[in-house]
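As a plain string of letters, each chain reads:
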Amino acid sequence: MSLNLDGKTCIITGSGGGLGKAIAETFLEAHANVVICDIDGKRLETTSEELRLHGPLLAVQTDITSEESAQTLFNSAISKFGQVDFLINNAGIMDRFLPVGELDKETWDRVLAINLTAPYELSKRAINHILGRESPKGAIVNITSIAGVMGHRGGAAYTVSKHGLIGLTKNTAAFYGKKGIRCNAILPGAMATNIGDSASKGANEEGLEIARRTFAVEPPMCEVSDVANLCLYLCSDNSAIVNGACVSADGGWAAY
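These numbers were taken from a predicted model, which means no experiment stands behind them. (Residues numbered from 1 in each chain as written. Predicted model: local features only at pLDDT ≥ 70, side-chain atom pairs only at ≥ 80, totals over all residues. Heavy atoms only, no water.)

Caption draft 1: Structural view of the overall build of the protein chain. When its secondary structure is counted, the protein chain shows 8 helices and 9 strands. Buried positions account for 52% of the 256 residues belonging to the protein chain. When the accessible surface of the protein chain is summed, it comes to about 11,600 Å², and 51% of that surface belongs to carbon and sulfur atoms. (Helix = DSSP H or I, 4+ residues; strand = E, 2+ residues; numbered from the N terminus. Buried < 20%, exposed > 50% of the residue type's maximum accessible area, 1.4 Å probe, protein only. Areas by Shrake-Rupley, 256 points an atom, 1.4 Å probe, with all protein chains shown as cover.)

Caption draft 2: Looking closely at the nonpolar core. Membership of the largest hydrophobic core comes to 33 residues, with the highest contact counts inside it found for Ile23, Phe27, Val34, Ile88, Val141 and Ile186. Once you skip the residues sitting within four places of it in the chain, Ile23 turns out to touch Ile12, Ile88, Asn90, Ala228 and Cys231. Counting 24 residues, the second-largest nonpolar core is a separate cluster that includes Ile64, Ala118, Leu122 and Ala126. (Core = buried A, V, L, I, M, F, W, Y, C linked by side-chain atoms within 4.5 Å. Contact = heavy atoms within 4.5 Å.)

Caption draft 3: How the structure looks around helix α2 (residues 41–51). Burial in α2 covers these residues: Leu44, Thr47, Ser48 and Leu51. Around the axis of α2, the buried residues are gathered within 105° of arc, so they sit on the same side. Pointing more than 90 degrees away from the buried face of α2 are the exposed residues Lys42, Glu45 and Glu49. In the core, the buried residues of α2 are packed alongside α1 (18–29), β2 (33–38) and β3 (57–61). Where α2 begins, the side chain of Asp40 points an oxygen toward the backbone nitrogen of Lys42, at a separation of 3.2 Å. (Arc of directions from axis to C-beta. Polar contact = N/O pair within 3.5 Å; in protein donor to acceptor, adjacent residues only side chain to side chain.)

Caption draft 4: Spatial organisation of the packing of helix α4 (residues 105–131) against helix α5 (residues 156–176). Where α4 meets α5, the closest approach of the two axes is 8 Å, and the angle between their N-to-C directions is 15°. The angle between α4 and α5 falls in the class roughly parallel. Crossing geometry of α4 relative to α5 is assigned as right-handed. Contact residues: α4 offers Trp108, Val111, Leu112, Asn115, Leu116, Pro119, Tyr120, Ile127 and Leu131, while α5 offers Ala156, Ala157, Tyr158, Val160, Ser161, Lys162, Gly164, Leu165, Leu168, Thr172 and Tyr176. When its residues are assigned to classes, the contact of α4 with α5 shows 15 nonpolar, 4 polar and 1 charged. (Axes fitted to C-alpha atoms, helices over the stretch in contact; angles between N-to-C directions. Parallel < 35°, antiparallel > 145°, perpendicular 65-115°, else oblique. Left-handed = near helix turned anticlockwise from the far one by under 90°. Nonpolar A, V, L, I, M, F, W, Y, C, P; charged D, E, K, R; others polar.)

Caption draft 5: Focus on α4. With 27 residues, α4 should cover 39 Å at 1.5 Å per step; its first-to-last C-alpha distance of 37 Å lies within 8% of that length. At Ala113, α4 shows its maximal kink, close to 45°. (Expected span 1.5 Å × (residues − 1). Bend = angle between axes of the 7 residues up to and from the residue.)

Caption draft 6: Focus on the sheet that holds β3. Spatially, β3-β2-β1-β4-β5-β6-β9 is the arrangement adopted by the 7 strands of the open sheet, whose pairing is parallel. Edge positions in the open sheet fall to β3 and β9 (246–249), since each of these has one partner strand only. In this sheet, neighbouring strand axes are inclined to one another by 20° on average, regardless of whether the strands run parallel or antiparallel. Lying over the sheet, α5 contacts β5 (138–143), β6 (181–188) and β9, oriented at roughly 155° with respect to β6. (Pairing = 2+ DSSP bridges.)

Caption draft 7: Spotlight on the side chain of Thr169. Relative to the elements of secondary structure, Thr169 occurs in helix α5. At 2.8 Å, the side chain of Thr169 and the side chain of Asn142 are in polar contact. Once residues within four sequence positions are removed from consideration, Thr169 is found in contact with Asn142, Cys183, Asn184, Ala185 and Ala245.

Caption draft 8: Spatial organisation of the packing of helix α3 (residues 67–81) against α4. Two elements in contact, α3 and α4, have axes whose closest approach is 10 Å; the angle formed by their N-to-C orientations is 35°. For the pair α3 and α4, the sense of crossing is right-handed. In this structure, α3 contributes Glu67, Ala70, Gln71, Leu73, Phe74 and Ile78 to the contact, and α4 contributes Glu121, Leu122, Arg125, Ala126 and His129. Of the residues that constitute the contact of α3 with α4, the class distribution is 6 nonpolar, 2 polar and 3 charged.

Caption draft 9: Broad picture of the side chain of Thr62. Along the chain, Thr62 falls in the loop between β3 and α3. A polar contact of 2.9 Å, which involves the side chain of Thr62, links it to the backbone oxygen of Val60. For Thr62, the contacting residues outside a window of four places in its chain are Cys37, Asp38, Ile39, Ser69, Ala70 and Leu73.

Caption draft 10: Structural detail: the pairing of strand β1 (residues 9–12). Burial along β1 is two-sided: the residues Thr9 and Ile11 and Cys10 and Ile12 are all buried. Where β1 and β2 come together, 4 bridges link them in parallel fashion. Residue pairing across strands places Ile12 opposite Ile36, the latter belonging to β2. Note that the unit made of β1, α1 and β2 has a crossover that is right-handed. Both β1 and strand β4 (residues 86–89) contribute to a ladder of 3 bridges, which runs parallel. Paired with Cys10 across the bridge in β4 is Phe86. (Right-handed = clockwise from strand over helix to strand, strands pointing away.)

Below you can see the structure in the form of structure tokens.
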């Protein structure tokens, strides 16, 4: 089978840069129609200009924590390309490695809203849209983290959000796999992305030190292009048998 996604449409959240941008470029190279979205309009515009020559592209400035904005994203994608086949829940933020005793409610609410509630809202729209077709077929990929299976790779809010996203992945896979919609998760390790850049700003130093001490060796940096290729594979027919999987993409980081 081929990784050619000619005629298929994919929505990628948080795609104004970093991993999301790499995923968008990879899907465009596979001849998919790509919808990128980001809350940062300037960054989105810059990325859109860079990617337009690669294939059919739509850029929609979106606040994924807003139900109205999320619906506009889907309406725009369907209006432009006719349907949506794939959803990549990539957008996410860190929480400065704050443990529960030091975590303020505002940070908790914001991290959960972006990292967990938004994927729920977007997945719900994608699933109901795909199920409304005569022959439902599609895929959702949730970009979670090795923090979704460990307790010392982030603060309380980030850790909980990524554990929750894995739960959403498995539940979605279980309920909709036999209806033509697969759902899988990718658990990346360290990457040079916007979320990585902001992780240590104002971070809890004790939390960072605990994370550092758990590594027997310096954690390998993962190339965003490699994670993007894995994302493409999980949406392609080559992975038709893969559903409900949580695939580590960390260069063995979690094994150290």
